[in-house]
Amino acid sequence: AGTTIHHVVQRVTPYLLYSDVAAALEYLGRVFGCRETLRFEGPDGRVNHAEMKFPGGGEIMLGDPGDEYHNPTDLGGTTQMVHVYVDDVDAHCAKARQSGAAIERALADQPYGDRNYAAVDLEGHRWFFATRVKEMAPEGWGAVSASGADGV
């Protein structure tokens, strides 16, 4: 019998696929402030799986699925978006811009209470970074709460 490890930080963890995971680790650390926590290299020396944490909480996993993979840039479109809350989105955006991030949508206040910006990483994955600046009821900005949403 082995040791059971109970480590739950979040229940949903994005797993992003990159053709060059090592380059993605460097980029996401330098530009978005993520910290590498785990790296697994295959027999060929390439990073097959990695994990990173965001400042203030949250994790992502990264992987290289092999030759069948096509990143968003290859496909010419958006395949997903990752939304991350940070403590100070203005400072985060300034650091990302200074570090060479491709800012896709400028920093702005949103009607639903967030202040956010969007960036595209080195393989075309879309990232939204936000800080909640005002609590807004869904009805206050045109949305409707789903019944039972509080009991998910």
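Okay, so let's go over this structure.

Thresholds, definitions, all that
- Residues numbered from 1 in each chain as written.
- Predicted model: local features only at pLDDT ≥ 70, side-chain atom pairs only at ≥ 80, totals over all residues.
- Heavy atoms only, no water.
- Helix = DSSP H or I, 4+ residues; strand = E, 2+ residues; numbered from the N terminus.
- Buried < 20%, exposed > 50% of the residue type's maximum accessible area, 1.4 Å probe, protein only.
- Contact = heavy atoms within 4.5 Å.
- Polar contact = N/O pair within 3.5 Å; in protein donor to acceptor, adjacent residues only side chain to side chain.
- Pairing = 2+ DSSP bridges.
- Axes fitted to C-alpha atoms, helices over the stretch in contact; angles between N-to-C directions.
- Parallel < 35°, antiparallel > 145°, perpendicular 65-115°, else oblique.
- Core = buried A, V, L, I, M, F, W, Y, C linked by side-chain atoms within 4.5 Å.

1. Observations concerning the overall build of the protein chain
Right, on to step 1. Secondary structure summary: the protein chain contains 3 helices and 8 strands in total.
Right, on to step 2. If you list the helices and strands of the protein chain from N to C, you get β-α-β-β-β-α-β-α-β-β-β.
Right, on to step 3. Overall size of the protein chain, expressed as C-alpha extent along the three principal axes, is 55 × 45 × 30 Å.
Right, on to step 4. Split into buried and exposed, the 152 residues of the protein chain put 34% on the buried side.

2. Overview of the environment of Glu51
Right, on to step 1. Structurally, Glu51 can be placed in strand 3 (residues 47-53).
Right, on to step 2. Taking the relative accessible area as the measure of exposure, Glu51 reaches 18% and is therefore buried.
Right, on to step 3. Sequence separation between Glu51 and Arg105 is 54 residues, and the spatial gap between their C-alpha atoms is 27 Å.
Right, on to step 4. Apart from residues lying up to four places away in sequence, Glu51 is in contact with Arg35, Glu36, Thr37, Leu38, Ile60 and Met61.
Right, on to step 5. At 3.0 Å, the side chain of Glu51 and the side chain of His49 are in polar contact.

3. Observations regarding the sheet that holds strand 2 (residues 35-41)
Right, on to step 1. With mixed pairing, 4 strands are arranged side by side in an open sheet as 1-4-3-2. Every interior strand has two partners, whereas the edge strands, strand 1 (15-17) and strand 2, have only one. Neighbour-to-neighbour, the strand axes of the sheet open up by a mean angle of 20 degrees, direction not taken into account.
Right, on to step 2. In the packing of helix 1 (residues 21-32) onto the sheet, the strands contacted are strand 2, strand 3 and strand 4 (59-63), and the crossing angle to strand 3 comes to about 15 degrees.

4. Quick notes on the environment of Glu104
Right, on to step 1. By the secondary structure assignment, Glu104 is in strand 6 (residues 102-109).
Right, on to step 2. Along the sequence, Glu104 and Val144 sit 40 residues apart, while their C-alpha atoms lie 28 Å from each other.
Right, on to step 3. Contact partners of Glu104, with chain neighbours within four places excluded, come to Ala118, Ala119, Val120 and Arg126.

5. Let's talk about the environment of Lys95
Right, on to step 1. On the secondary structure map, Lys95 appears in helix 3 (residues 89-98).
Right, on to step 2. Note on Lys95: relative accessible area 39%, which makes it partly exposed.
Right, on to step 3. A sequence separation of 64 residues divides Lys95 from Val31, and the C-alpha atoms of the two residues are 7.0 Å apart.
Right, on to step 4. Not counting residues within four places of it along the chain, the set of residues in contact with Lys95 comprises Gly29, Arg30 and Val31.
Right, on to step 5. In terms of polar contacts, Lys95 uses its side chain to reach the backbone carbonyl oxygen of Arg30, at 2.5 Å.

6. Some points on the packing of helix 1 against helix 3
Right, on to step 1. Remark: helix 1 packs on helix 3, axes separated minimally by 7 Å, with the N-to-C direction vectors making an angle of 130 degrees. With respect to helix 3, the axis of helix 1 lies oblique. Between helix 1 and helix 3, the contacting residues are Gly29, Arg30, Val31 and Phe32 on the first element and His92, Lys95 and Ala96 on the second.

7. Overview of the nonpolar core
Right, on to step 1. Tyr18, Leu28, Phe32, Leu62, Tyr117, Trp127 and Phe129 are the most contacted members of the largest nonpolar core, which totals 27 residues.
Right, on to step 2. Looking at this core, the elements that each hand over two or more residues are helix 1, strand 3, strand 4, strand 5 (81-85), helix 3, strand 7 (114-120) and strand 8 (126-132).
Right, on to step 3. Here this core gets 7 residues from one element, more than from any other, and that element is helix 1.
Right, on to step 4. Residue contacts for Leu28: discarding those within four places in its chain leaves Tyr18, Gly33, Cys34, Met52, Ile60, Leu62, Asp121 and Trp127.

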